[in-house]
Amino acid sequence: MKRLFAALKIPPGEIALANYYRLKKSLQQERIKWVQPDNFHLTLKFFGGTPVEEIERISKILMPLAEQQAPIYTHLSKTGVFGSRYAPRVIWFGFGEEKTLSELGNRVLDELDKGGFEKDRQNFVPHLTIARIKQVFDKKHFQDALRDVAQFEPEEFCIREMTLYESILKPEGPVYVPLQNYPFGK
């Protein structure tokens, strides 16, 4: 069994990284698990524990989807949270070109569902998880820190492939190992 997910690797630009580190420094007194920037990705589908022999079947579904997809030009430009203002769970960066990312994400989920990999119950929302919140001690300070980086100057980048990753959980944090790359074809 391998713990698998399909994702788009996201290269954060200087402005996004500056906002990430600014937020991380400002919220250092809170119990927050920060995602390392070299692990930034947009998850398309989390498979969880998957038998190794299923990788080929997953690839047969993802490969044609990637071949039909043009490169996606987008940017990170906003910060938000999942959960409520008073009980936040995740801090994320949002994308400028959400429509194209949403369409791709929904096509991936639909085709995998047809192939026997059930959809998650949640709607697909393109986002880049930058932190998972364990506990917030000072909610007002937390909200002020987020407000300071709610919108930021976008830096365009191009996504040219989708990747199937294995996630190996370690005490110091997860390690993401690319198993298959699926280049966009158009």
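Residues numbered from 1 in each chain as written. Predicted model: local features only at pLDDT ≥ 70, side-chain atom pairs only at ≥ 80, totals over all residues. Heavy atoms only, no water.

### Examining the environment of Gln69
The line we're drawing: To qualify as a helix, a DSSP run of H or I must reach at least 4 residues; to qualify as a strand, a run of E must reach at least 2; elements of each kind are numbered from the N terminus.
Looking at the element boundaries, Gln69 is found in the loop between α2 (55-67) and β4 (72-83). In this structure, the C-alpha to C-alpha distance between Gln69 and Arg160, residues 91 residues apart in sequence, is 8.8 Å.

### A few points about helix α4 (residues 139-148)
What counts here: Only protein chains enter the calculation, and the probe is 1.4 Å; a residue is then buried if its accessible area is under 20% of its type maximum, exposed if over 50%, and partly exposed in between. Starting at the helix axis, one direction is taken to each C-beta atom, and the arc is that of these directions.
Every buried residue belonging to α4 is among Phe142, Gln143, Ala145 and Leu146, and all of these are buried. Across the axial projection of α4, the buried residues extend over an arc of 160 degrees, all falling on one side. Facing away from the buried surface of α4 by more than 90 degrees, the exposed residues are Lys140, Arg147 and Asp148.

### Observations regarding the packing of aromatic side chains
Short version of the rule: Here a Phe, Tyr or Trp ring, Trp counted by its six-membered ring, pairs with any other such ring whose centre lies within 6.5 Å, and the pair is stacked when the planes are under 30 degrees apart, edge-to-face when over 60, and tilted otherwise.
Under the definition given, this model contains nine aromatic pairs. Relative to Tyr165, the ring of Phe5 has its centre 5.1 Å away and its plane inclined at 15 degrees; by these criteria the two rings are stacked. Taken together, the residues span a long stretch of sequence, with Phe5 in strand β1 (residues 2-9) and Tyr165 in strand β8 (residues 161-168) at a distance of 160 residues. Classification of Phe5 by relative accessible area gives buried; the value is 4%. Relative to Trp92, the ring of Phe82 has its centre 5.7 Å away and its plane inclined at 40 degrees; by these criteria the two rings are tilted. Remark: Trp92 occurs in strand β5 (residues 88-95) and Phe82 occurs in strand β4; sequence separation between them is 10 residues.

### Comments concerning the environment of Pro178
Threshold: In this analysis, two residues are considered to be in contact whenever any of their non-hydrogen atoms come within 4.5 Å of each other.
For Pro178, the location among the structural elements is in strand β9 (residues 175-183). Accessibility expressed as a relative area gives 48% for Pro178, which makes it partly exposed. Linking Pro178 and Ala6, residues 172 residues apart in sequence, is a C-alpha distance of 9.5 Å. When neighbours within four sequence positions are excluded, Pro178 is seen to be in contact with Thr163, Leu164 and Tyr165.

### With respect to the sheet that holds strand β3 (residues 41-50)
Short version of the rule: For two strands to be treated as a pair, DSSP must find at least two bridges joining them. Where helices are involved, their axes are fitted lines through C-alpha atoms of the stretch in contact, as for all axes, and angles between N-to-C directions lie from 0 to 180°.
Strand order in the open sheet formed by four strands is β3-β1-β8-β9, and the pairing between neighbours is antiparallel. The open sheet terminates on both sides in strands that have one partner only, identified here as β3 and β9. Each adjacent strand pair in this sheet contributes to an overall mean axis angle of 25 degrees, direction not counted. Summarising the sheet, β1 and β8 pair through four bridges and their orientation is antiparallel.

### What to know about the sheet that holds strand β6 (residues 128-135)
With antiparallel pairing, five strands are arranged side by side in an open sheet as β2-β6-β5-β4-β7. The strands lining the two open edges of the sheet, one partner per strand, are β2 (31-34) and β7 (151-159). Each strand axis lies, on average, 30 degrees off the axis of its neighbour in the sheet, ignoring direction. Pairing between β2 and β6: four bridges, direction antiparallel.

### Here's the deal with a positive patch on the surface
As a reminder of what qualifies: For patch detection, residues must exceed 30% relative accessible area and be free of salt bridges, and they are connected within 9 Å for like charges or within 5 Å for nonpolar side chains (Val, Leu, Ile, Met, Phe, Trp, Tyr). Computed with a 1.4 Å probe, the accessible areas rest on the Shrake-Rupley method; for each residue, only the protein chains presented here act as cover. A side-chain nitrogen of Lys or Arg and a carboxyl oxygen of Asp or Glu constitute a salt bridge if their distance falls within 4 Å. Counted as positive: Lys and Arg. Counted as negative: Asp and Glu, with His and the chain ends omitted from the count. Working definition for charges: the position is that of NZ of Lys, CZ of Arg, CG of Asp or CD of Glu.
On the surface, Arg3, Arg31, Lys33, Arg132 and Lys134 cluster together to form a positively charged patch. Those elements that provide at least two residues to the positive patch are β2 and β6. Tracing the sequence through the fold places Arg3 in strand β1.

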